[in-house]
Amino acid sequence: MTEGHQQSGTVEYFLQDIEHHGRNERTAAAYQRVLSEYEQFLDDRFDKTPPAASYRDCMAWVHELRTTHSESTVATYASYLNRFYSYLERVGHVEENPMTVVLEEMTESIESNPTRRDVTLPEMRSFVTDIRHPLHRALVTTLLKTGIRAGELCNLDLIDLNLAHEAQTWQPRAHIAGRPDSLFVATEHTYGRESGGELRTASNKRKRETVVPIDEELKAVLVRWLAVRPDTPSRTTTGAATEPLFVGTADSWGERLTPNVVHHVVEQYARERGWYRTGGGAAENVTPHYFRHFFTTHLRDRTGDRGIVQYLRGDVASDVIDTYTHNWGDRVRETYLEHIYSLSV
């Protein structure tokens, strides 16, 4: 923190709040130090105050911390910032907590097997059936059918999709050119870096590129989305290579979706079901990452083949996983199509 930096009123009010809730002096001092450093970071880097910060700003701060702190310390500091923004959201200083998605992405590496809400398959089918908006239905169905992360979903380009359908008007990338009805999830996209001629707003955290099969149910949902998908600005600038698959249909019309948007779409429907509560944690709230957990649990139980699930998730694995990569058509696709659950009521 540079000399002369003054804390904003929002930080001062928050510190008073945690003192009223009985936090000891040492804890309050830790909050004060971390939040002061965060304020200074925003001021120096973006000329912003905390209430004006976005998900991207918070993620930039986390990346900055990782250059000088251990993962456990980064997780602690992130939890401090999350509580601060939860307070601001509660008292009406911000409309949303930008740390929600950041923590969701971090949770996966911190909690290897967290206890989560138990949503049954019939309940999930009813949940999906009630989603009528073509984009929202496509987002949720893709997450549930593939197990990919919200950031990976946002990074999908049209060329990452190969559909055996007349709705496809583009040439898919070489990796899946000979694999109809499949989705390619890359590894190279990184938050804040240019990829495919475009600055990415999310990272693909998988350790190996993955080809995920598409069944008839997901295919129908994607075809329906493609029928109403807005044209994108990239169509006239950088070409098809950076044509995003999922784009906004509201304020960000035709622009690539961000993880924050995907999170709020899921939150909207989860709240209606009573599956999401402000302040609730991973054990209670249904989020985009919950769908990855749902996919993993159900497909592993149905196939009894942990290797195939590891491959589809893009997890680190032994050379055994290479057998799935090279035998994709005979082993992965057939097993997946035989065992993937239906989301139709």
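What you see is a predicted model, and the numbers here were worked out from it, not measured in a lab.

Definitions and limits used
Residues numbered from 1 in each chain as written. Predicted model: local features only at pLDDT ≥ 70, side-chain atom pairs only at ≥ 80, totals over all residues. Heavy atoms only, no water. Helix = DSSP H or I, 4+ residues; strand = E, 2+ residues; numbered from the N terminus. Buried < 20%, exposed > 50% of the residue type's maximum accessible area, 1.4 Å probe, protein only. Contact = heavy atoms within 4.5 Å. Areas by Shrake-Rupley, 256 points an atom, 1.4 Å probe, with all protein chains shown as cover. Polar contact = N/O pair within 3.5 Å; in protein donor to acceptor, adjacent residues only side chain to side chain. Core = buried A, V, L, I, M, F, W, Y, C linked by side-chain atoms within 4.5 Å. Pairing = 2+ DSSP bridges. pLDDT = per-residue confidence, 0-100. Salt bridge = Lys/Arg side-chain N within 4 Å of Asp/Glu carboxyl O. Expected span 1.5 Å × (residues − 1). Axes fitted to C-alpha atoms, helices over the stretch in contact; angles between N-to-C directions. Parallel < 35°, antiparallel > 145°, perpendicular 65-115°, else oblique. Left-handed = near helix turned anticlockwise from the far one by under 90°. Nonpolar A, V, L, I, M, F, W, Y, C, P; charged D, E, K, R; others polar.

**Student:** I'd like a description of the overall build of the protein chain, backed by residues and values.
**Tutor:** Helix and strand counts for the protein chain stand at 14 helices and five strands. A burial count over the protein chain gives 53% of its 345 residues as buried. The contacts of the protein chain with a sequence gap of at least 6 include a subset with a gap of at least 24, amounting to 64%. Accessible surface, the protein chain: about 16000 Å² in total, of which carbon and sulfur atoms supply 46%.

**Student:** So what's going on with the side chain of Glu267? Which residues, and what values?
**Tutor:** With respect to the helices, strands and loops of the structure, Glu267 is situated in helix α10 (residues 259-273). The exposure class assigned to Glu267 is buried, which follows from its relative accessible area of 11%. Polar contacts involving the side chain of Glu267 include one to the side chain of Arg271, which spans 2.8 Å.

**Student:** Any details on the nonpolar core? Residues and values, ideally.
**Tutor:** One finds Met124, Phe127, Leu144, Leu161, Phe246, Phe291 and Leu312 to be the most contacted residues of the largest nonpolar core, which totals 62 residues. Not counting chain neighbours up to four residues away, the residues in contact with Leu312 comprise Thr146, Arg206, Thr210, Val211, Val212, Pro213, Phe295, Leu299, Val332 and Tyr336.

**Student:** Pulling in residues and values, what's your account of the environment of Tyr276?
**Tutor:** Among the secondary structure elements, Tyr276 is positioned in the loop between α10 and α11 (288-303). Here the alpha-carbon distance between Tyr276 and Thr287, two residues eleven residues apart in the chain, equals 8.0 Å. The residues touching Tyr276, leaving out its near neighbours within four places in the chain, are Thr100, His263, Glu267, Ala270, Arg271, Asn285, Val286 and Thr287. A polar side-chain atom of Tyr276 sits 3.4 Å from a polar atom in the side chain of His263.

**Student:** Tell me about the pairing of strand β2 (residues 182-185), and please be specific about residues and values.
**Tutor:** It is a general feature of regular strands that their side chains alternate between the two faces of the sheet. Residues Ser182 and Phe184 line one face of β2 and the alternating positions Leu183 and Val185 line the opposite face, and both faces are buried. Of the strand pairs in this sheet, strand β1 (residues 161-162) and β2 are connected by two bridges, and their pairing is antiparallel. Within β2, the position partnered with Leu161 by the bridge is Leu183. When β2 meets strand β5 (residues 210-213), the two strands line up antiparallel, connected through four bridges. Within β5, the residue paired with Leu183 across the bridge is Val212.

**Student:** Give me the lowdown on the confidence of the model for the protein chain, citing residues and values where you can.
**Tutor:** Predicted confidence across the protein chain gives a mean pLDDT of 85, with 87% of residues reaching 70 or more. Mean pLDDT in the protein chain bottoms out at helix α13 (residues 320-326), which sits at 58, and peaks at helix α7 (residues 134-146), which reaches 98. Note on residues 1-5: pLDDT under 50 across the span, and six contacts to partners over four residues away in sequence or across chains.

**Student:** Give me the lowdown on unusual backbone geometry, citing residues and values where you can.
**Tutor:** Located in the positive-phi region is Asp47, a residue other than glycine, with phi close to 55 degrees. Note that Asp47 resides in the loop between α2 (25-46) and α3 (55-66). Taking the relative accessible area as the measure of exposure, Asp47 reaches 65% and is therefore exposed. Of note in the backbone geometry, Asp181 takes a positive phi value of approximately 55 degrees without being a glycine. Take Asp181: it is sitting in the loop between β1 and β2. In this structure Asp181 comes out as buried when scored by relative accessible area, which is 8%.

**Student:** Before we move on, can you summarise the sheet that holds β2 with the specific residues and values?
**Tutor:** Adjacent strands of a sheet form backbone hydrogen bonds with each other and so pair up, either parallel or antiparallel. Taken in spatial order, the three strands of this open sheet run β1-β2-β5, and their pairing is antiparallel. Two strands close off the open sheet at either side, each with one partner strand: β1 and β5.

**Student:** Mind laying out the pattern of salt bridges, listing which residues take part and the relevant values?
**Tutor:** Here the structure, examined in full by the defined rule, presents 16 salt bridges. Of the charged contacts, one joins Arg149 and Glu152 as a salt bridge, the two residues approaching to 2.7 Å between their closest N and O atoms. Among the salt bridges present, the one from Asp160 reaches Arg173, with a minimum N-O distance of 2.6 Å. Of this pair, Asp160 sits in the loop between α8 (150-155) and β1 while Arg173 sits in the loop between β1 and β2, and the two are 13 residues apart along the sequence. The pair formed by Asp160 and Arg173 is uniform in burial state, with each residue classed as buried.

**Student:** Let's hear about α11: which residues, and what values?
**Tutor:** For an α-helix, the turn length of 3.6 residues means that residues three or four places apart are oriented alike. In this model, α11 (16 residues) spans 23 Å end to end at C-alpha, consistent with the 22 Å of a helix rising 1.5 Å per residue. Of all the residues in α11, the buried ones are Pro288, His289, Tyr290, Phe291, Arg292, Phe294, Phe295, Thr296, His298, Leu299 and Thr303.

**Student:** If you had to explain α10 to someone new, which residues and values would you point to?
**Tutor:** Here α10 spans 21 Å end to end across 15 residues, near enough to the 21 Å set by a 1.5 Å rise per residue. Along α10, the positions that sit buried rather than exposed are Pro259, Asn260, Val262, His263, Val265, Val266, Glu267, Tyr269 and Ala270.

**Student:** Any chance you could break down the packing of helix α1 (residues 9-20) against α2 for me, citing the residues and the numbers?
**Tutor:** When two helices pack together, you describe them by how their axes are tilted relative to each other and by the distance separating the axes. For the pair α1 and α2, the least separation of the axes is 10 Å and the interaxial angle reads 165 degrees. Relative to α2, the element α1 lies roughly antiparallel. Here the hand of the crossing between α1 and α2 comes out right-handed. Listed contacts from α2 to Val11, Phe14, Leu15, Ile18 and Glu19 of α1 are Ala28, Tyr31, Gln32, Leu35 and Glu39.

**Student:** Outline the packing of α11 against helix α12 (residues 306-313), listing residues and values.
**Tutor:** Contact geometry of α11 with α12 gives a least axis separation of 9 Å together with a crossing angle of 155 degrees. Of the possible angle classes, the one that applies to α11 and α12 is roughly antiparallel. α11 and α12 meet at a crossing whose hand is right-handed. Taking contact as the criterion, the partners of Arg292, Phe295, Thr296, Leu299, Arg300 and Thr303 in α11 are, on α12, Arg306, Val309, Leu312 and Arg313. In terms of residue class, the contact of α11 with α12 is made up of four nonpolar, two polar and four charged.

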